[in-house]
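Reading the structure
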Amino acid sequence: MMSTEAPRMAAPGGVVAQEKRGATPRQPQWYAADHHLQERRRMITNIARLLQARKPNAPADWMQKLPQMARRLEESLFRTAESFEKYKDTQTLKKRLQSLAMAMGLRAQQAKLREGGAPGEAAAQAAAQGG
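Values in this document were obtained by computation on a predicted structure and should not be read as measured data.

The rules behind the values
Residues numbered from 1 in each chain as written. Predicted model: local features only at pLDDT ≥ 70, side-chain atom pairs only at ≥ 80, totals over all residues. Heavy atoms only, no water. Helix = DSSP H or I, 4+ residues; strand = E, 2+ residues; numbered from the N terminus. Contact = heavy atoms within 4.5 Å. Core = buried A, V, L, I, M, F, W, Y, C linked by side-chain atoms within 4.5 Å. Buried < 20%, exposed > 50% of the residue type's maximum accessible area, 1.4 Å probe, protein only. Expected span 1.5 Å × (residues − 1). Phe/Tyr/Trp six-rings, centres within 6.5 Å; stacked < 30°, edge-to-face > 60°. Lys NZ or Arg CZ within 6 Å of the ring centre and 35° of its normal. Lys, Arg positive; Asp, Glu negative; His and termini not counted. Salt bridge = Lys/Arg side-chain N within 4 Å of Asp/Glu carboxyl O. Axes fitted to C-alpha atoms, helices over the stretch in contact; angles between N-to-C directions. Parallel < 35°, antiparallel > 145°, perpendicular 65-115°, else oblique. Left-handed = near helix turned anticlockwise from the far one by under 90°. Nonpolar A, V, L, I, M, F, W, Y, C, P; charged D, E, K, R; others polar.

Points about the overall build of the protein chain
A count of helical and extended segments in the protein chain gives five helices and two strands. In sequence order, the secondary structure elements of the protein chain are arranged as β-β-α-α-α-α-α. Of the contacts formed within the protein chain by residues at least 6 apart in sequence, a portion of 50% connects residues at least 24 apart.

Here is the structure:
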């Protein structure tokens, strides 16, 4: 059976480019790989610099993870951008990253609640049992 997805290849900097077929489900409609790859690489670098500035004395293991963290954050910003102009706006980058971090934290918190019940639930049960 033949795949309906266009061939994909890894581009330098970890950005995945699609060959001449337009956007995939993970890529916005406005995306054109041949025009936007350089800007995506620049954005990854900007994100890495912002992260590093927030943690100037970071341990070596964190520094090793920095490029991958920057790529993942860039991918999220890229997928949610309304337009290429909004995506590449460095004036709003820090604010968009902060919003993304808050949303990721909220999702993680909600996942914990679904897994183990509400925080303090065990304490409330212990208090109700006189313990």
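Section: the nonpolar core
With 21 residues, the main nonpolar core has Ile47, Leu51, Leu73, Leu77, Tyr87, Leu93 and Leu97 as its most contacted residues. When residues of this core are assigned to their parent elements, the largest contribution, seven residues, is made by helix 1 (residues 33-54). Filtering out sequence-adjacent residues up to four positions away, Tyr87 remains in contact with Trp30, Glu39, Arg40, Met43, Glu74, Leu77, Phe78, Ala81 and Arg96.

Quick notes on helix 1
When the terminal C-alpha atoms of helix 1 are compared, their 31 Å separation across 22 residues agrees well with the 32 Å that a helix rising 1.5 Å per residue should span. Turning to helix 1, its buried residues number three or more, namely Ala33, His36, Leu37, Glu39, Arg40, Met43, Ile44, Asn46, Ile47, Ala48 and Leu51.

What to know about helix 4 (residues 93-116)
Taking 1.5 Å as the rise per residue, helix 4 with 24 residues should run 34 Å; its terminal C-alpha atoms sit 35 Å apart, in good agreement. Within the sequence span of helix 4, burial applies to Leu93, Arg96, Leu97 and Leu100.

Thoughts on the packing of aromatic side chains
Tallied over the entire structure, the rule returns two aromatic pairs. An aromatic cluster of at least three residues, connected via ring pairs, comprises Phe78, Phe84 and Tyr87. When the ring centre of Phe78 is taken as reference, the NZ or CZ atom of Arg40 above it lies at 3.7 Å.

Re the environment of Met43
As for its placement among the helices and strands, Met43 is situated in helix 1. Taking relative accessible area as the criterion, Met43 reaches 0% and is therefore assigned buried. Placed 27 residues apart in sequence, Met43 and Ala70 show a C-alpha to C-alpha distance of 8.7 Å. Once you skip the residues sitting within four places of it in the chain, Met43 turns out to touch Glu74, Tyr87, Lys88, Leu93 and Arg96.

Comments concerning the side chain of Arg96
With respect to the element layout, Arg96 can be found in helix 4. Buried within the structure, Arg96 lacks any salt-bridge partner; its nearest side chain of opposite charge belongs to Asp89, at an N-O separation of 5.9 Å. Once residues within four sequence positions are removed from consideration, Arg96 is found in contact with Met43, Leu77, Lys86, Tyr87 and Asp89.

Considering the packing of helix 1 against helix 2 (residues 60-80)
Two elements in contact, helix 1 and helix 2, have axes whose closest approach is 8 Å; the angle formed by their N-to-C orientations is 125 degrees. Judged by the inter-axis angle, helix 1 sits oblique to helix 2. Between helix 1 and helix 2 lies a crossing of right-handed hand. The residues of helix 2 that touch helix 1, namely those facing Arg40, Met43, Ile44, Ile47, Ala48, Leu51 and Gln52, are Trp62, Met63, Leu66, Met69, Ala70, Arg71, Leu73, Glu74, Glu75, Leu77 and Phe78. Split by residue class, the contact of helix 1 with helix 2 holds 13 nonpolar, one polar and four charged.

Digging into the pattern of salt bridges
Counted according to the given criterion, the structure contains five salt bridges. Between Arg42 and Glu39 there is a salt bridge whose closest N-O contact spans 2.6 Å. One end of the pair, Arg42, and the other, Glu39, are both in helix 1, three residues apart, so they sit about a helical turn from each other. Here Glu75 makes a salt bridge to Arg79, at a shortest N to O gap of 3.3 Å.

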